[in-house]
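The chain contents come next:
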Amino acid sequence: MTDTRNLTRDALAAMDAADPLAPLRDEFDLPEGVIYLDGNSLGAAPKAAMARAERLIRQEWATDLIKSWNTAGWYELPRRLGNKLAPLVGAGDDEVLVTDATGVNLFKVLAAALALRPERRVIVMEGSNFPTDNYMAQGLVDFLGRGHEIRFAEKDEIMDAIDDTVAAVCLTHVHYKTGHLLDMAAITEKAHKAGAIAIWDLCHSAGALPVDLNGAKADFAVGCGYKYLNGGPGAPAFLFVAKRHQEAARQPLTGWWSHKAPFDFTRDYAPAPALTKFLTGTQPITSLALVEAGLDVFLKTDMAAIRKKSQALTGLFIDLADERLARFGVTVATPRDADARGSQVALSFADGGYPVIKALIERGVIGDFRAPDIMRFGFTPLYTRYTDVWDAIETLAYILDSGLWREARFRAQDAVT
Ligand SMILES: *Cc1c(COP(=O)(O)O)cnc(C)c1O
């Protein structure tokens, strides 16, 4: 804990000046005067994305036309970007594909996991997880119609929920709302001892903290391209299949890109070898290509340096919130132990989290709201400064102290929060 009472903005400006990651902020196209604390929901735009989009549309699409599937490497893109992403999540070569949406990938790997444990019927999941994971699992279970049961357990109940009836444990590493970090290695080990498959959702981990899928012996994983990886709005997601499962595993969305010889145009399906069978169909190349601009920024640093700064930023935000916001009834809902959280901080404010966030956005500090009472702030060490933390807290304190947030215009609910 920092003693925030004697802290000054100047001291934080000095920390920014000495920060080895500070130059990376220049890789991003951020608007002047905005403090962006929502990179956990939509990552900022890498400057290189604009040049990539321009080359893709003018040269590869408009000029070279269909030849680009071969000449510009479009066809190989899911595999090539997967290999570029792999080191960020502790995966090896040919274990990651960048493709489809997170939810779709979860459907594929969960179906594959259940098929690897045909005699078992239980899936362990966290009920408070981001809904799409649970919805996808419920949809799959319904569709299979084979009596699978989802056993919901919250963080401290998960270990006890794993027994030898469990086919798969399917969990999100960093909780989307609270930022709580689950122990991937311990839970995966327990799952394996019980004979179950471990699937990890890395939506709030990939690019936010070091992840070691192979070190933890994870079986499958999925994750998001548009959050901490800065791939662009709705960017394709990724999936991981451990080498040892790649021959036996099967997934149900058997489109032609998952066929062993798509350009033979045969009548009957035959799976591609290894990882490729986890593709489905033609990829959104314009979106997919931009993912690379985000990944390339990570080549200029490493996840250990990112984690160190992330823990410092989130720790500072928590300490300042305790000191300056508690008296307004704002409480910290994220673990105070830096090793037990991801790269975001949730503040709970029962009186009106939503209008406070709206007032904050109006004043140039962008966070988001997660019902019923969570104000969520993501800290992205590639471009967030220590002074941003200070200024965000100042603005929050002003909004709460002045009562600005009570003004009627902050109450109207937008479609996307
Ligand atoms: C953001 C997020 C998703 C996103 O799923 P989409 O298929 O991209 O809409 C899924 N799971 C979790 C845990 C998330 O945080």
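By the naming in an unreviewed UniProt entry, the protein chain is Kynureninase, taken from Gimibacter soli. Recorded under Subunit (unreviewed entry), the UniProt text for the protein chain is reproduced unchanged: "Homodimer." A UniProt comment under Function (unreviewed entry) is attached to the protein chain, and it reads "Catalyzes the cleavage of L-kynurenine (L-Kyn) and L-3-hydroxykynurenine (L-3OHKyn) into anthranilic acid (AA) and 3-hydroxyanthranilic acid (3-OHAA), respectively."

Peer 1: Honestly, the pairing of strand 7 (residues 220-223) in this entry has me stumped. Any pointers?
Peer 2: Here is the key point about a regular strand: its side chains alternate between the two faces of the sheet. By the alternation rule, side chains of strand 7 split into F220 and V222 and A221 and G223, which are all buried. As paired strands, strand 6 (residues 197-201) and strand 7 are joined by 3 bridges and run parallel to one another. Bridged to D201 within strand 7 is V222.

Peer 1: I would appreciate a short explanation of the nonpolar core in the present structure.
Peer 2: General note: in soluble globular proteins, nonpolar side chains tend to be found buried as a group. Judged by nonpolar contacts, the single largest core of 56 residues is most densely connected at V89, W200, L202, L213 and F238. The element best represented in this core is helix 9 (residues 285-298), accounting for 7 residues. If you look at the next biggest cluster of nonpolar residues, it comprises 39 residues, including A321, I357, V389 and W390.

Peer 1: What should I look at first to understand the sheet that holds strand 8 (residues 238-241) in this one?
Peer 2: Two modes of strand pairing occur in sheets, parallel and antiparallel, and in both the strands are linked by backbone hydrogen bonds. Ordered in space as 2-8-7-6-5-3-4, the 7 strands form an open sheet in which the pairing is mixed. Both outer strands of the open sheet, strand 2 (96-98) and strand 4 (149-152), are each paired with one neighbouring strand and no more. Direction aside, the axes of adjacent strands within the sheet are offset by 15° on average. When strand 2 meets strand 8, the two strands line up antiparallel, connected through 3 bridges. Paired with V98 across the bridge in strand 8 is F238.

Peer 1: Would you explain the sheet that holds strand 12 (residues 368-370) in this entry?
Peer 2: The sheet built from 4 strands is open, its strands ordered 9-10-13-12 with antiparallel pairing. Unpaired on one side and paired on the other, strand 9 (331-332) and strand 12 mark the two borders of the sheet. As defined by bridge partners, strand 9 adjoins strand 10 (residues 344-348) across 2 bridges and the pair is classed as antiparallel. Of the residues in strand 10, the one forming a bridge with T331 is S348.

Peer 1: In this structure, what is going on with the site of the ligand? I would like to understand it.
Peer 2: Around the ligand lies a shell of 13 residues, among which G103, D133, H204, Y226 and K227 are the nearest. Side-chain polar atom of Y226 to an oxygen atom of the ligand: 2.8 Å apart, as the coordinates give it. In this structure, an oxygen atom belonging to the ligand sits 2.7 Å away from a side-chain N or O atom of K227. Of all elements in the fold, only helix 5 (102-116) and helix 6 (131-144) reach the threshold of two or more residues within the shell around the ligand.

Peer 1: Got a minute to help me understand the packing of aromatic side chains in this structure?
Peer 2: Aromatic rings considered in pairs are described by the distance between their centres and by the relative angle of their planes. Counted under the stated rule, the structure contains 15 aromatic pairs. For the ring pair F220 and F278, a centre distance of 6.3 Å and an interplane angle of 45° mean the geometry is tilted. One end of the pair, F220, is in strand 7; the other, F278, is in the loop between strand 8 and helix 9, and 58 residues separate them in sequence. Note that K227 overlies the ring of F130, its terminal NZ or CZ placed 5.5 Å from the centroid. Lying over the aromatic face of W390, R324 brings its terminal NZ or CZ to 5.8 Å of the ring centre.

Criteria and thresholds
Residues numbered from 1 in each chain as written. Predicted model: local features only at pLDDT ≥ 70, side-chain atom pairs only at ≥ 80, totals over all residues. Heavy atoms only, no water. UniProt positions renumbered as here; feature names shortened; annotations may be inferred. Buried < 20%, exposed > 50% of the residue type's maximum accessible area, 1.4 Å probe, protein only. Helix = DSSP H or I, 4+ residues; strand = E, 2+ residues; numbered from the N terminus. Pairing = 2+ DSSP bridges. Core = buried A, V, L, I, M, F, W, Y, C linked by side-chain atoms within 4.5 Å. Axes fitted to C-alpha atoms, helices over the stretch in contact; angles between N-to-C directions. Near = heavy atom within 4 Å. Polar contact = N/O pair within 3.5 Å; in protein donor to acceptor, adjacent residues only side chain to side chain. Phe/Tyr/Trp six-rings, centres within 6.5 Å; stacked < 30°, edge-to-face > 60°. Lys NZ or Arg CZ within 6 Å of the ring centre and 35° of its normal.

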